[in-house]
Amino acid sequence: MELPLVQLKKIRDFGDVFNDAFSFMRQEFKPLGKAVLKYSLPWLIVAAILGVFINIKQQQITNGLLAAGPSTNLSAVFGVYKYVFLAAIINLMGMSALQCIIISYLKLYAQKGQGNLESGEVWDEARQYLMPVILISILVFFVVFIGFMLCIIPGIFLGVSLFAILYAYIIEEKNFADAFSRSINLTGQKWWMTLGIILISMVLLYLLQIMFSIPAFILGFKTLFFNITQQSVMNFSTGFYIVNSLTTLASFLIFSLLLIIMAFHYYCLVATSLGSSSI
């Protein structure tokens, strides 16, 4: 059965934001998923593989330090961190690509409607925002971080108020300063509703992450129990590190759900600012 077309710009109450977001996900699962898998997932897979390598290497170094003490070559300890830095950069690229793809998909969906989008077209739109989104994300992180350092409440206020900055930057094609003020102005209309949507979304995502973490938890507990009973050095299997990296990979993809939910709240705020129930 064909699902009804989901309208983006529309005034919604709290529950409608979630209902419409999940309806959109069901409707656009295949074309949107194809774009994400093709242009964002490869970055995250490379980062996951590096994560396995880093964890194994760190375990080997730790065991070497325990066995040899201060005589161990400490250059090996610091040498592994270049791979940590590389993995962090690749993760950042993958997450930024994910954000750009999803927001660009919504932008093109609003322009062209259902069934008219190709993954290559979405990427052509998304890739022009990749580096700016990285820079904006870093700047927003430091702004919110400073807010938390000053006194936790300003950090919470800024974190909530700036949720729409990337949507304004990509969808409305505003520069950073205008997108910054646009996000604050939009969120100011329904700040408490925005906070509630963020909190509920985070809880949902956390529960999904727990579900995906069960295999890694079981393998980790098995290793922990074995090493305690055998009184041996803690050695996790390669399988554990692989499953753990796959869990992290799944967590990144789950993040796309939050992006879509918050996109529908953004469109709700835009419709509210224009004073119309349907635009």
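Before reading further, recall that the structure is shown in the block above.
Residues numbered from 1 in each chain as written. Predicted model: local features only at pLDDT ≥ 70, side-chain atom pairs only at ≥ 80, totals over all residues. Heavy atoms only, no water.

1. Side note on the pattern of salt bridges
One pass over the structure, following the stated rule, counts 7 salt bridges. In this structure, Arg 12 and Asp 20 form a salt bridge, with 2.6 Å as the shortest nitrogen-oxygen distance. Accessibility assignment for this pair places Arg 12 and Asp 20 in one class, buried. Here Glu 121 makes a salt bridge to Lys 112, at a shortest N to O gap of 2.0 Å. Looking at Glu 121, the relative accessible area reads 23%, which means it is partly exposed. (Salt bridge = Lys/Arg side-chain N within 4 Å of Asp/Glu carboxyl O. Buried < 20%, exposed > 50% of the residue type's maximum accessible area, 1.4 Å probe, protein only.)

2. Here we look at the side chain of Ser 119
Along the chain, the position of Ser 119 falls in helix α6 (residues 119–126). Beyond its immediate sequence surroundings of up to four residues, Ser 119 is in contact with Lys 34, Ala 35, Lys 38 and Tyr 39. (Helix = DSSP H or I, 4+ residues; strand = E, 2+ residues; numbered from the N terminus. Contact = heavy atoms within 4.5 Å.)

3. Thoughts on the packing of aromatic side chains
Tallied over the entire structure, the rule returns 14 aromatic pairs. These aromatic residues form a ring-pair network of at least three members: Phe 24, Tyr 105, Tyr 109 and Phe 264. (Phe/Tyr/Trp six-rings, centres within 6.5 Å; stacked < 30°, edge-to-face > 60°.)

4. Describing the nonpolar core
Counting residues in each nonpolar core, the largest one holds 69 residues, and the members touching the most others are Phe 24, Tyr 167, Phe 264 and Tyr 266. Of the residues forming this core, the biggest block, 13 residues, is contributed by helix α12 (residues 238–274). The next biggest cluster of nonpolar side chains, apart from the first, holds 5 residues, and it includes Ala 47, Leu 50, Ile 54 and Ala 87. (Core = buried A, V, L, I, M, F, W, Y, C linked by side-chain atoms within 4.5 Å.)

5. So, the packing of helix α2 (residues 29–39) against α6
Where α2 contacts α6, the two axes come as close as 9 Å, and the packing angle between them is 60°. Between α2 and α6, the angle falls in the class oblique. Regarding α2 and α6, the two cross each other, and that crossing is right-handed. Between α2 and α6, the contacting residues are Lys 34, Ala 35, Lys 38 and Tyr 39 on the first element and Ser 119, Gly 120, Val 122 and Trp 123 on the second. Class assignment of the residues belonging to the contact of α2 with α6 gives a composition of 4 nonpolar, 2 polar and 2 charged. (Axes fitted to C-alpha atoms, helices over the stretch in contact; angles between N-to-C directions. Parallel < 35°, antiparallel > 145°, perpendicular 65-115°, else oblique. Left-handed = near helix turned anticlockwise from the far one by under 90°. Nonpolar A, V, L, I, M, F, W, Y, C, P; charged D, E, K, R; others polar.)

6. Description of the side chain of Ser 161
Tracing the backbone shows Ser 161 in helix α8 (residues 152–161). Side-chain polar atoms of Ser 161 contact the backbone oxygen of Phe 157, separated by 2.7 Å. (Polar contact = N/O pair within 3.5 Å; in protein donor to acceptor, adjacent residues only side chain to side chain.)

7. Digging into unusual backbone geometry
What you tend to see is this: most non-glycine residues have negative phi, and most peptide bonds are trans. Phi angles above zero are rare outside glycine, and Glu 173 is one such case at about 55°. Judged by relative accessible area, Glu 173 falls into the exposed class, the value being 56%.

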